[in-house]
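# An overview of the molecular structure
Listed here are the chains, written in short residue letters.
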Amino acid sequence: MGGVLSLWSAISVLAWESGALGCALAAVWLVMRRGRYGSAHTALIAALAASTGWAVSAALAGPVAVPTGLFESARNLSWVFALYRLFMVDGRHASMRPVRPMLIAVAFVELLHGAALALLTGYSEIGADAAVSFHSFVMLRLLVAIGGLVLVHNLYGAAAPQTRLVLRWPALALAALWGFDLNYYLIAALSGDSPSVLAGLRGIVALAAAGLVAFGARRGSEQLRFRPSHAVAFQSLSLLLIGGYLVGMVAIAQWIAFAGGDLAAQLQAGFVALAGLAALAFLPSRRMRGWLRVTLAKHLFKHRFDYRAEWLRFTRTIGQAGSEALPLEERAIRALADITESPAGLLLVPGEDSGLELAACWQWPTADVPTDAVPAAIVRAFERTGFVADLDALRSDPAKTAEAPGIPGWLLSDPRAWAIVPLLHFDRLVGMVVLARPAYARRLDWEDFDLLRVAGRQLASYLAENTGQQALAEAARFDDFHRRIAFVMHDIKNLASQLSLLARNAELHSENPEFRADMLVTLRNSADKLNTLLNRLSRYGPTAVDRLAPVRADEVARAVVEQFRDRHPVSLVEAERCEVLADRESLEQVLLHLIQNAIDASTPQSPVFVRVDTDGLAGVIEVTDGGTGMSAEFIRSRLFRPFVSTKSGGFGIGAYEARELVRAMRGRLDVESREDTGSRFTIRLPLAEAAQLIRTFENSDTKVA
């Protein structure tokens, strides 16, 4: 044990000698750099000289000797005077009435301490009142340290931005010097004795303070700035909070040990358990982490975002590839959500009627999005303004809601919806991202709006490019499909011609009238079927619907249902008289496909229901089954995509063709489905009576254009 103390004493002496040498060299350096600190130049040299004497005395006589205490008083008075001269650098000495009394008070306390110390021969010779005297001297030192730190704060905090570049180095030096003194004397007051370990380290602090003052006198020192990244600052503050938590826990546990008596062990165990539970509850929480990030960005950095890091993360998210990568639409949502630490989001894209509909959902399975999510009028408003909506601000201030573009009611009523970011590509809205509320919700500011607006435009270009590539790929596959179908049509046409010839010959040469009649019926039915197939195949060309005319939808539905009478239970549950504007063969083809799909998705005995009705200006035909159903993701991304089939050997164009035929007849095809429950396909076609009204609107639009 004695060897360890001897070693530490040697280290302590070495530390004090280093501090003395550093202060002396810094004073010489300032002598050679005259004018750097203006009117405070000479005062700083004197303060460094006094610090040199203090460190030399501590190295020779010891840190707690009376001469060292007197040199420390001289050091503090010199630094207080230097502090006063530093206030004169930017002329604040003339207007420092609130600060001058503090300067005088600190100087008076230090003079009082020095005068009292000069009357004594040392702490160990005070006699019976040694403890009282020791605490009195320590309290005076604490007052000086606290007052000095307050003055340093006023020196730097109220300085002009340009002056701070000069004052920050001596301010840091004084903060280090008096900050360490504050801890040193506080421990001495609590323990009743001078902490020998910390006393040895005071020489190192003096060396550091001298180095800071000398560095500030160097040319170009004002250009040096510490610029930590957001990640480094966040991790540093997190470590400080964890360290503070541990220190606080140890301090309270020690206090319990001193004050708890017989219950000390139980109280310590209970405190540790409660503190551990509190740490587990709050430290890992997303809300706590979000608060830390926002607080750091707000008070430590000029800008909220580290733009380089945000851009790299943004491009990395969008550029992800491989089998495990999310679809582009979901990656687009995530790229925007990462910027504001939003945990989920929705992507809305233009639908059939120029409004927006749900295209992708990222980590938001509970979102209740209507079919017509954003009406066309609101879409045009967002196109004109590029407005990034803070939904919390709109909910709290009705006046802002009136000024902003219309916000759908389902978004305002969903408490999780937090922000709307429009995706504009050449002033055309290609989509809209709805961000969910982050764990630590905050008001969006100008920097959030600017970054989200720019990121939204970049995402819009990615989505538009992807849409164009998909359209080109589908066009290429359609060309190949048309070439293959041309050969099939040629072969079927030849076969149909041969069967027709066979039928004519049979009429001339058959001897058995009954056989001849039966053969004729069979051959003619076959020829009709082949010609019908040929006609259907020809519809894959550009002219799917030749002309529109009034068609009884109820009669078409009844005829199609009759074709399935002996194959599957298909029921026409309602057939109201309904005359729509359509192409009869195209409508039959659509119904045949939808009913066949319903049969394929159902069990053999599960019925399929067909209903014909009117709804305003539209005729409605519904095909409902109780089969396997489809997921929302399948409906959004695969159901109506050509060449995607779940059937073995299928072309994958049936649903696509059905929708395109309905669109060609100026109608729309809607789908509602739930897995393991069933599906409902709804065809909406304009009523024949509304044809004249439709033509009137078209003519008026043509004249305006």
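To keep things clear, this report deals only with the structure shown in the data block. (Residues numbered from 1 in each chain as written. Predicted model: local features only at pLDDT ≥ 70, side-chain atom pairs only at ≥ 80, totals over all residues. Heavy atoms only, no water.)

Under the criterion given, the structure shown has 4 cavities of 30 Å³ or more. The computed volume of the second largest cavity comes to approximately 60 Å³. Forming the walls of the second largest cavity are Gly351, Glu352, Asp353, Gly355, Leu356, Glu357, Thr371, Asp372 and Arg668. Here the lining of the second largest cavity is built from residues that sort into 1 nonpolar, 3 polar and 5 charged. (1 Å grid on protein atoms, 1.4 Å probe; cavity = no way out; pocket = protein on both sides within 12 Å on 5 of 7 lines; lining within 4 Å. Points joined across faces, edges and corners; volume = space filled by probe spheres on them. Nonpolar A, V, L, I, M, F, W, Y, C, P; charged D, E, K, R; others polar.)

Here alanine 549 shows up in strand E6 (residues 549-552). Along the chain, alanine 549 and alanine 688 lie 139 residues apart, while their C-alpha atoms are 7.8 Å from each other. With residues up to four places along the chain from it excluded, the contact list for alanine 549 reads Val580, Leu581 and Ala582. (Helix = DSSP H or I, 4+ residues; strand = E, 2+ residues; numbered from the N terminus. Contact = heavy atoms within 4.5 Å.)

Counted according to the given criterion, the structure contains 5 aromatic pairs. Ring centres 4.9 Å apart and planes at 70° place the aromatic pair tryptophan 169 and phenylalanine 215 in the edge-to-face group. In this pair, tryptophan 169 is assigned in helix H6 (residues 161-191) and phenylalanine 215 in helix H7 (residues 196-216), connecting sequence segments 46 residues apart. Aromatic pair phenylalanine 382 and phenylalanine 387: ring centres 6.4 Å apart, planes at 55°, arrangement tilted. Residue classification places phenylalanine 382 among the buried residues on the basis of a relative accessible area of 1%. The aromatic ring of tryptophan 54 is capped on one face by arginine 75, whose charged end is 4.4 Å from the ring centroid. The side chain of arginine 202 reaches across the aromatic face of tyrosine 184, ending 4.7 Å from its centre. (Phe/Tyr/Trp six-rings, centres within 6.5 Å; stacked < 30°, edge-to-face > 60°. Buried < 20%, exposed > 50% of the residue type's maximum accessible area, 1.4 Å probe, protein only. Lys NZ or Arg CZ within 6 Å of the ring centre and 35° of its normal.)

In this section: the sheet that holds strand E7 (residues 570-575). Pairing is mixed in the open sheet, where 5 strands are placed in the order E7-E9-E10-E12-E11. Edge positions in the sheet fall to E7 and strand E11 (668-674), since each of these pairs with one other strand and no more. The average angle at which neighbouring strand axes cross in this sheet is 15°, direction not considered. As judged from the 5 bridges shared by E7 and strand E9 (residues 608-615), these two strands associate in the parallel manner. What sits directly across from valine 570, in E9, is valine 608. Where helix H22 (residues 654-664) meets the sheet, its contacts fall on E11 and strand E12 (678-686), and the angle it forms with E11 comes to roughly 140°. (Pairing = 2+ DSSP bridges. Axes fitted to C-alpha atoms, helices over the stretch in contact; angles between N-to-C directions.)

The strand order across the open sheet built from 5 strands is E2-E1-E5-E4-E3, with neighbouring strands paired in antiparallel fashion. Two strands close off the open sheet at either side, each with one partner strand: strand E2 (356-362) and strand E3 (389-390). Examined bridge by bridge, strand E4 (residues 417-425) and strand E5 (residues 428-436) share 8 bridges and lie antiparallel to one another. Paired with proline 422 across the two strands is methionine 432, which belongs to E5.

Turning our attention to the pairing of E12. E12 sits mainly inside the fold: 7 of its 9 residues count as buried. Bridging between strand E10 (residues 618-625) and E12 involves 8 bridges; their strand directions are antiparallel. Directly across from valine 623, in E12, lies its bridge partner phenylalanine 681. Bridge analysis of E11 against E12 gives 7 bridges, and the strand direction is antiparallel. Note that in E12 the partner of glutamate 672 across the bridge is arginine 680. Connecting E11 to the next strand, E12, in antiparallel fashion are 3 residues, including aspartate 676 with a positive phi near 65°.

Attention now moves to the packing of helix H20 (residues 584-601) against H22. Interhelical geometry of H20 versus H22 gives an angle of 145° and a closest axis separation of 10 Å. In terms of crossing hand, the pair formed by H20 and H22 is left-handed. Contacts between H20 and H22 involve Ser586, Gln589, Val590 and His593 from the first element and Gly654, Ala655, Glu657, Ala658, Leu661 and Val662 from the second. Here the residues of the contact of H20 with H22 are counted per class, giving 5 nonpolar, 4 polar and 1 charged. (Left-handed = near helix turned anticlockwise from the far one by under 90°.)

Two numbers describe how helix H11 (residues 307-318) lies on helix H12 (residues 328-340): the axes approach to 9 Å, and their chain directions differ by 165°. Viewed along their axes, H11 and H12 adopt a mutual orientation that is roughly antiparallel. Read as a crossing pair, H11 and H12 show a hand that is right-handed. Residues Glu310, Arg313, Phe314, Thr317 and Ile318 of H11 form the contact with H12, whose own contacting residues are Arg331, Ala332, Arg334, Ala335, Asp338 and Ile339. Broken down by class, the residue content of the contact of H11 with H12 amounts to 5 nonpolar, 1 polar and 5 charged. (Parallel < 35°, antiparallel > 145°, perpendicular 65-115°, else oblique.)

Taken together, the side chains of Val197, Leu201, Ile204 and Leu207 present a nonpolar region at the surface, about 290 Å² in accessible area. Residue placement: valine 197 occurs in helix H7. (Patch = residues over 30% accessible without salt bridge, like charges linked within 9 Å, V, L, I, M, F, W, Y side chains within 5 Å. Areas by Shrake-Rupley, 256 points an atom, 1.4 Å probe, with all protein chains shown as cover. Salt bridge = Lys/Arg side-chain N within 4 Å of Asp/Glu carboxyl O.)

Before going further, it helps to examine helix H4 (residues 100-118). Between its first and last C-alpha, H4 extends 27 Å over 19 residues, near the 27 Å set by a 1.5 Å rise per residue. Where H4 is concerned, the buried positions are Leu103, Val106, Ala107, Val109, Glu110, His113, Gly114 and Leu117. Looking down the long axis of H4, one finds its buried residues gathered within 155° of arc, a one-sided arrangement. Looking at H4, the residues exposed on the side facing more than 90 degrees away from the buried face are Ile104 and Phe108. (Expected span 1.5 Å × (residues − 1). Arc of directions from axis to C-beta.)

For the rest of this paragraph, the subject is the pattern of salt bridges. Per the counting criterion, the structure on display carries 22 salt bridges. Between arginine 313 and glutamate 310 there is a salt bridge whose closest N-O contact spans 2.7 Å. Of this pair, arginine 313 and glutamate 310 are both found in helix H11, 3 residues apart, which corresponds to roughly one turn of the helix. For glutamate 310, a relative accessible area of 15% corresponds to the buried category. Close ionic contact of arginine 668 with aspartate 670 constitutes a salt bridge, the shortest N to O distance being 3.1 Å. Judged by relative accessible area, arginine 668 falls into the partly exposed class, the value being 29%. It is possible to trace a salt-bridge network through shared partners that takes in Glu72, Arg75, Glu110, Arg141, Asp181 and Arg202.

We now examine the pairing of E10. The element E10 is extensively covered by neighbouring structure, given that 7 of its 8 residues are classed as buried. If you look at the hairpin formed by E9 and E10, you'll find 2 residues sitting between the two strands, and glycine 616 has a positive phi there, around 65°.

All quantities given are derived from atomic positions and should not be read as evidence of function.
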